[in-house]
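So the chains spell out like this:
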Amino acid sequence: MSGGTRHRPVRMGVLGCADIAVRRMLPALASQPLVDLVAVASRSADRAEEVAVRFGCEATEGYERLLARPDIDAVYIPVPTALHAEWALRALEAGKHVLCEKPCTSTLREATEVVRAAREHGLLVMESLMFLHHAQHARVRELLRDGAIGELREITAVFGIPAPPHGAAGGGHALSCLLETGVYPVRAARLFAGDDLEVVGAALTVDRASGQDLSGSALLRSPSGVHARVGFGWERFYRCAYELWGSEGRLTLERAFTPPDAHPPVLRWERQGCVRELTLEPDRQFVNTAGFFARTVAKGTGFEDHADDILRQAALVERIRAAASPDGRSGTCAQ
């Protein structure tokens with residue numbers, strides 16, 4: 001299709017009424033002009049109807065029925081993390097493009113299976129790490145490019161919250177802090193230090209009863225020598241931030257990963273004894289994510305970039321977990 005062609009909105013359905021969907025993504029889909037929100041599915045007909053009325057779309061009882069609908073081009077998947085791969089595969093096999101809540105899969109093996117299915121069917125699968133589509137990070141990258149802090153030497157990125165994400169559990173599946181919160185600082189490290197990060201060391205604190213990690217940290221290193229320290233955990237004071245430390249200055253951004261739509265980001269810039277606070281414009285990262293996904297579907301190009309990104313992210317997360325295992329280079333402690 002030519003660049004001058006006006007594409008019709010991408011017709012989307014939502015598999016499930018998870019908290020993240022109802023609070024953030026469904027409002028974004030409903031307000032994004034490049035998307036036609038067609039239907040929302042739940043295993044409960046009453047719940048589907050309740051949410052559908054709220055967002056002006058149709059209700060469908062059961063995920064399978066939504067995937068069978070011919071009037072849907074793509075789906076957003078916010079089911080519990082342990083079920084992401086299963087439903088992404090089902091959606092792709094049903095001929096639907098997939099926008100999957102992060103992390104797209106729980107393991108590299110699952111990521112490989114999902115990407116293979118997307119490639120076989122010529123469909124887009126995209127991981128919904130919304131913060132990547134907030135304008136504040138583009139401003140940070142612009143400052144880096146212009147030498148605002150000299151040469152980048154080190155990245156520190158953290159995400160900690162008081163309790164496990166509400167509504168993220170389900171179906172008897174325990175939560176992994178690395179998968180639920182750790183993926184944000186890990187992806188930020190990739191954003192600024194590039195891919196091919198080596199895991200120098202890692203540690204996880206694991207719950208004895210469930211076997212799931214509750215917190216962790218990792219030290220990463222890029223081929224060019226940039227270090228990245230990432231930290232994540234539950235049962236701690238809320239913080240999601242990153243700091244970029246350069247040869248001539250430092251950039252610090254709070255509320256880096258989950259800013260509300262109306263939040264004006266404040267970027268702290270320190271250089272040669274001078275401290276500036278740059279107040280940026282608010283941005284709607286969920287709306288932007290939905291729009292970016294829809295444009296990519298409509299163009300029909302760029303699918304491979306997103307498939308590769310899913311594989312790189314899953315591989316790095318898996319290397320961090322391996323490094324923190326008892327027989328790895330770092331350690332796991334239980335509590």
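Above: the structure in question.
Below: a short report on this structure.

Ordered in space as S3-S2-S1-S4-S5-S6, the six strands form an open sheet in which the pairing is parallel. Here the strands that pair on one side only, and so sit at the sheet edges, are strand S3 (58-61) and strand S6 (125-128). Across the sheet, the axes of successive neighbouring strands diverge by a mean angle of 25 degrees, strand direction being ignored. As defined by bridge partners, strand S5 (residues 97-101) adjoins S6 across four bridges and the pair is classed as parallel. Within the sheet, the bridge partner assigned to Val98 lies in S6 and is Val125.

Moving on: unusual backbone geometry. Between Lys102 and Pro103 the backbone carries a cis peptide bond, its omega angle lying at -15 degrees. Structurally, Pro103 can be placed in the loop between S5 and helix H5 (108-121). Phi angles above zero are rare outside glycine, and Asp196 is one such case at about 65 degrees. Its place among the elements puts Asp196 in the loop between helix H7 (177-193) and strand S8 (198-206). If you check the backbone angles, Glu235 has positive phi at about 55 degrees while not being a glycine.

Quick look at the pattern of salt bridges now. Tallied over the full model, the rule gives 28 salt bridges. Arg90 is the salt-bridge partner of Glu64, the closest N and O atoms lying 3.5 Å from each other. With Glu64 in helix H3 (residues 63-67) and Arg90 in helix H4 (residues 84-93), this pair connects stretches of sequence that are 26 residues apart. According to the relative accessible area criterion, Arg90 is partly exposed, its value standing at 34%. Through salt bridges with shared partners, a single ionic network connects Arg187, Arg190, Asp195, Asp309 and Arg312.

Moving on, we get to the environment of Ala21. The topology assignment puts Ala21 in helix H1 (residues 19-31). As a C-alpha pair, Ala21 and Tyr76 span 55 residues in sequence and 8.7 Å in three-dimensional space. In contact with Ala21, not counting residues within four places along its chain, are Val14, Gly16, Leu26, Pro27, Tyr76 and Pro78.

Right, let's talk about the packing of aromatic side chains for a bit. Overall, the coordinates contain nine aromatic pairs when judged by the stated rule. The interplanar angle of 90 degrees and the centroid separation of 6.2 Å between the aromatic rings of Phe159 and Tyr238 together place this pair among those described as edge-to-face. With Phe159 in strand S7 (residues 152-161) and Tyr238 in the loop between strand S10 (227-234) and strand S11 (239-246), this pair connects stretches of sequence that are 79 residues apart. Through a chain of ring-to-ring contacts, three or more aromatic side chains come together here, namely Phe131, Phe159, Tyr184, Phe192, Tyr238, Tyr242 and Phe257. Over the aromatic face of Trp87 sits the side chain of Arg90, whose NZ or CZ is 4.3 Å from the ring centroid.

What follows deals with the nonpolar core. Within the largest apolar cluster, 83 residues are counted, with the highest numbers of intra-cluster contacts made by Leu29, Phe192, Leu220, Tyr242, Leu244, Phe257 and Ile320. Ranked by residue count, the leading element in this core is H7, at 11 residues. Ignoring any residue separated from it by four or fewer positions in sequence, one finds Tyr242 in contact with His137, Val140, Thr156, Ala157, Ala188, Phe192, Leu251, Thr252, Leu253, Ala256 and Phe257. Counting 31 residues, the second-largest nonpolar core is a separate cluster that includes Ala39, Leu67, Val98 and Ala307.

Among the 10 residues that make up S7, eight are buried, leaving the element largely enclosed by the rest of the structure. Summarising the sheet, S7 and S10 pair through eight bridges and their orientation is parallel. Bridging from a neighbouring strand, Ile161 pairs with Trp234 of S10.

Rules used in this analysis
- Residues numbered from 1 in each chain as written.
- Predicted model: local features only at pLDDT ≥ 70, side-chain atom pairs only at ≥ 80, totals over all residues.
- Heavy atoms only, no water.
- Pairing = 2+ DSSP bridges.
- Helix = DSSP H or I, 4+ residues; strand = E, 2+ residues; numbered from the N terminus.
- Axes fitted to C-alpha atoms, helices over the stretch in contact; angles between N-to-C directions.
- Salt bridge = Lys/Arg side-chain N within 4 Å of Asp/Glu carboxyl O.
- Buried < 20%, exposed > 50% of the residue type's maximum accessible area, 1.4 Å probe, protein only.
- Contact = heavy atoms within 4.5 Å.
- Phe/Tyr/Trp six-rings, centres within 6.5 Å; stacked < 30°, edge-to-face > 60°.
- Lys NZ or Arg CZ within 6 Å of the ring centre and 35° of its normal.
- Core = buried A, V, L, I, M, F, W, Y, C linked by side-chain atoms within 4.5 Å.

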